[in-house]
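Survey of secondary and tertiary structure
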Amino acid sequence: TKIQELTLDFQECTDITDSELALLKDELKLMTSLQRLTLDLGSCWLVTDKGVNFLSEGIRDITSLQSLVLNLSNSSGHREVTDKGLDYLKDALKNMPNMQQLSLDFTGCRQITDQGLISLNEGLKGKKSMLELSLAFKECEKISENGLFKIRDVITGMGSLQQITLNFHGCKNFIDISLNALRDMLGYRKSMRRLALNLHGCYSLTESSLRFVLEKI
């Protein structure tokens, strides 16, 4: 099929399971000309790491993909995506040399840890054509400054990046040293035109953190 852009919004379709994503995988494999994919599975409670694996297999060989918007947020407290899901997604991201826009939303996936960000780091290495990057790990309380430094390593390798959106709302493990990673990102990014940073509820940060960031804006 010659479809170049596909948008699927299944947000709050709570009966969707991994089995449906297995079917979607087969269809995606046929879309060899796809350039832009938007898939909203927010609050699809029954989607697990297995479903993310199906999605990753579906897009892994679409080297023409330039934009991927994936919402796997979970506000229900039911089953959710974990580090394993990010490890599956890593394999697909590695095969996307033309990626220019990436948006990943894992809000409420509370089992994601620094290990998940290590996988994301591996998947995004070398994405020098990336223009826009949006990562949401709101309420992923197990993420610490170690994970944030992995995100820093990714961003500092994206020479063309113009827009960055980072949502770590409620990541309570962040301490002032975490903001050193953000300062490094800001100091390096001469091409950046837009920055959105959400650290609401990161209660361990002090005024020193704000000072660190403002020095580089």
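1. Quick look at the packing of helix α4 (residues 114-124) against helix α5 (residues 145-155)
In contact at an axis separation of 8 Å, α4 and α5 are set at 10° when each is read in the N-to-C sense. What the angle tells us is that α4 and α5 run roughly parallel. Within the contact between the two elements, α4 uses D114, L117, I118, L120, N121 and L124 and α5 uses N146, G147, L148, K150, I151, D153 and V154. Classifying every residue of the contact of α4 with α5 by side-chain character gives 7 nonpolar, 3 polar and 3 charged.

2. Some points on the nonpolar core
Core analysis: the biggest nonpolar cluster contains 61 residues, and L28, L102, F106, L120, F137 and F174 have the highest contact counts within it. Excluding residues that lie within four positions of it along the chain, L28 makes contacts with L6, L34, L37, L55, G58, I59 and I62.

3. Structural notes on the pattern of salt bridges
If charged atoms from side chains of opposite charge come close, those side chains can pair. Here the structure, examined in full by the defined rule, presents 6 salt bridges. Two residues, E139 and R110, come together in a salt bridge whose shortest N-O distance is 2.8 Å. Of this pair, E139 sits in the loop between β5 (132-136) and α5 while R110 sits in the loop between β4 (101-105) and α4, placing them 29 residues apart in sequence. Judged by its relative accessible area of 26%, E139 is partly exposed. Using a relative accessible area of 32% as the deciding quantity, one classes R110 as partly exposed. Residue E141 is joined to K172 by a salt bridge in which the shortest nitrogen-to-oxygen separation is 3.9 Å.

4. Re the sheet that holds strand β6 (residues 163-167)
The 7 strands lie next to each other as β1-β2-β3-β4-β5-β6-β7, forming an open sheet whose pairing is parallel. Because the sheet does not close on itself, it has two edges, and the strands there are β1 (5-9) and β7 (194-198). When the angles between neighbouring strand axes are averaged without regard to direction, this sheet yields 5°. Here 5 bridges tie β6 to β7, and the two strands are oriented parallel to one another. Each residue of the ladder has a partner; that of Q163, found in β7, is R194.

5. Details of α4
With 8 of 11 residues buried, α4 is to be regarded as a mostly interior element. All buried positions along α4 are accounted for by D114, G116, L117, S119, L120, N121, G123 and L124. Close packing links the buried residues of α4 with α3 (83-94), β4, β5 and α5. Of the residues trailing α4, G126 is marked for its positive phi of about 80°.

6. A short note on the environment of C202
Counting through the fold element by element, C202 comes out in the loop between β7 and α7 (207-214). Residue classification places C202 among the buried residues on the basis of a relative accessible area of 6%. As for C202 and G170, which are separated by 32 residues in sequence, their C-alpha atoms are 5.4 Å apart. Ignoring anything within four residues of it in the chain, the contact list for C202 reads F168, G170, C171 and F174.

7. Some words on unusual backbone geometry
Phi at S43 is positive, roughly 60°, even though this residue is not glycine. In this structure, E139 takes a positive phi of about 65° despite not being glycine.

Rules used throughout
- Residues numbered from 1 in each chain as written.
- Predicted model: local features only at pLDDT ≥ 70, side-chain atom pairs only at ≥ 80, totals over all residues.
- Heavy atoms only, no water.
- Axes fitted to C-alpha atoms, helices over the stretch in contact; angles between N-to-C directions.
- Helix = DSSP H or I, 4+ residues; strand = E, 2+ residues; numbered from the N terminus.
- Parallel < 35°, antiparallel > 145°, perpendicular 65-115°, else oblique.
- Contact = heavy atoms within 4.5 Å.
- Nonpolar A, V, L, I, M, F, W, Y, C, P; charged D, E, K, R; others polar.
- Core = buried A, V, L, I, M, F, W, Y, C linked by side-chain atoms within 4.5 Å.
- Buried < 20%, exposed > 50% of the residue type's maximum accessible area, 1.4 Å probe, protein only.
- Salt bridge = Lys/Arg side-chain N within 4 Å of Asp/Glu carboxyl O.
- Pairing = 2+ DSSP bridges.

These values are about where atoms sit, not about what they do.
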